[in-house]
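Okay, here's what each chain looks like letter by letter:
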Amino acid sequence: MLNEILKELRPTIVVFVVMTIITGVAYPLAVSGIAAVVFPSAAQGSLIERDGKIVGSKLIGQPFDDAKYFWSRPSATGSAYNGGASSGSNLGPINPALLDAVKGRVEALKAAHPTQTGAVPVDLVTASGSGLDPHISPAAAYYQVQRVAQVRGLPDDKVRDLVTSHTEGRDLGLLGEPRVNVLLLNLALDDLKS
């Protein structure tokens, strides 16, 4: 009786072990190896290094709250821009907690930009779906130009030109929206001052 059960289970166990080796070991190693050869920077996280020190990634946003820097989108992760906790807030558009958070962010941005009369760009007051977006819209970057220029003692036009030069277009000319990588913009801003 036991021999018959083992005879019936043997193909299942063999398939399980073979598929585990193929899908759990061989395939991930092959994909990682190909990625490391074809896309070496992206395979390593698109890390940005300055003076021998890693300052961030092109792919994951970072919090900036100093007035001399362009500010990122708010992060929906538990701790700011934690890649291990990537998620949205799951708060719906009529949720009172989301509405209160957005109102608070709008008030803080208007206080930091008292001369701005236009509407606050939505991406400065709402988190992205992953909570890790490293980009803001060009409108969100231009909204902050005057503050950044004033704090750094630079002409508005020079900072505005920097935003324009760091605006990435649509992928393949039609996918996505124009965007500005906040970390790259802030690093260029530091280079500009020095």
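Structural notes, computed from the coordinates.

**Quick word on the overall build of the protein**
Part 1 of the argument: When helices and strands are tallied, the protein shows 6 helices and 5 strands.
Part 2 of the argument: Starting at the N terminus, the α and β elements of the protein follow one another as α-α-β-β-α-β-α-α-β-β-α.
Part 3 of the argument: Radius of gyration (C-alpha) of the protein: 24 Å, far over the 16 Å computed for a compact globule of 194 residues.
Part 4 of the argument: Structurally, the protein occupies a C-alpha span of about 85 × 45 × 35 Å along its principal axes.
Part 5 of the argument: With 194 residues in all, the protein has 28% of them scored as buried.
Part 6 of the argument: Taking the contacts inside the protein whose residues are at least 6 apart along the sequence as the reference set, 57% of them involve residues at least 24 apart.
Part 7 of the argument: Within the structure as shown, the protein displays about 12,200 Å² of accessible surface, and the carbon and sulfur contribution to it stands at 62%.
Part 8 of the argument: In the protein, 17 side chains carry a positive charge and 18 a negative one; their mean positions are 1 Å apart.

**Notes on helix α5 (residues 156–165)**
Part 1 of the argument: Turning to α5, its buried residues are V159, L162 and V163. Around the axis of α5, the buried residues are gathered within 100 degrees of arc, so they sit on the same side. What points out from α5, more than 90 degrees from its buried face, is the exposed set D157, D161 and S165.

**Points about the environment of A149**
Part 1 of the argument: Counting through the fold element by element, A149 comes out in helix α4 (residues 138–152).
Part 2 of the argument: Separated by 147 residues in the primary sequence, A149 and L2 have C-alpha atoms spaced 80 Å apart.
Part 3 of the argument: With sequence-adjacent residues up to four places away left out, A149 is seen in contact with L154, P155, D156 and V159.

**Some thoughts on α4**
Part 1 of the argument: Helix length check: α4 (15 residues) gives 20 Å between terminal C-alpha atoms against 21 Å at 1.5 Å per residue, within 8%.
Part 2 of the argument: Most pronounced at V145, the bend in α4 amounts to some 40 degrees.
Part 3 of the argument: Turning to α4, its buried residues number three or more, namely P138, A140, A141, Y143, Q144, V145, R147, V148, A149 and R152.
Part 4 of the argument: Two residues or fewer past α4, G153 is found with a positive phi of approximately 70 degrees.

Conventions we followed
Residues numbered from 1 in each chain as written. Predicted model: local features only at pLDDT ≥ 70, side-chain atom pairs only at ≥ 80, totals over all residues. Heavy atoms only, no water. Helix = DSSP H or I, 4+ residues; strand = E, 2+ residues; numbered from the N terminus. Rg over C-alpha atoms; globule rule 2.2 N^0.38 Å. Buried < 20%, exposed > 50% of the residue type's maximum accessible area, 1.4 Å probe, protein only. Contact = heavy atoms within 4.5 Å. Areas by Shrake-Rupley, 256 points an atom, 1.4 Å probe, with all protein chains shown as cover. Lys, Arg positive; Asp, Glu negative; His and termini not counted. Charge placed at Lys NZ, Arg CZ, Asp CG, Glu CD. Arc of directions from axis to C-beta. Expected span 1.5 Å × (residues − 1). Bend = angle between axes of the 7 residues up to and from the residue.

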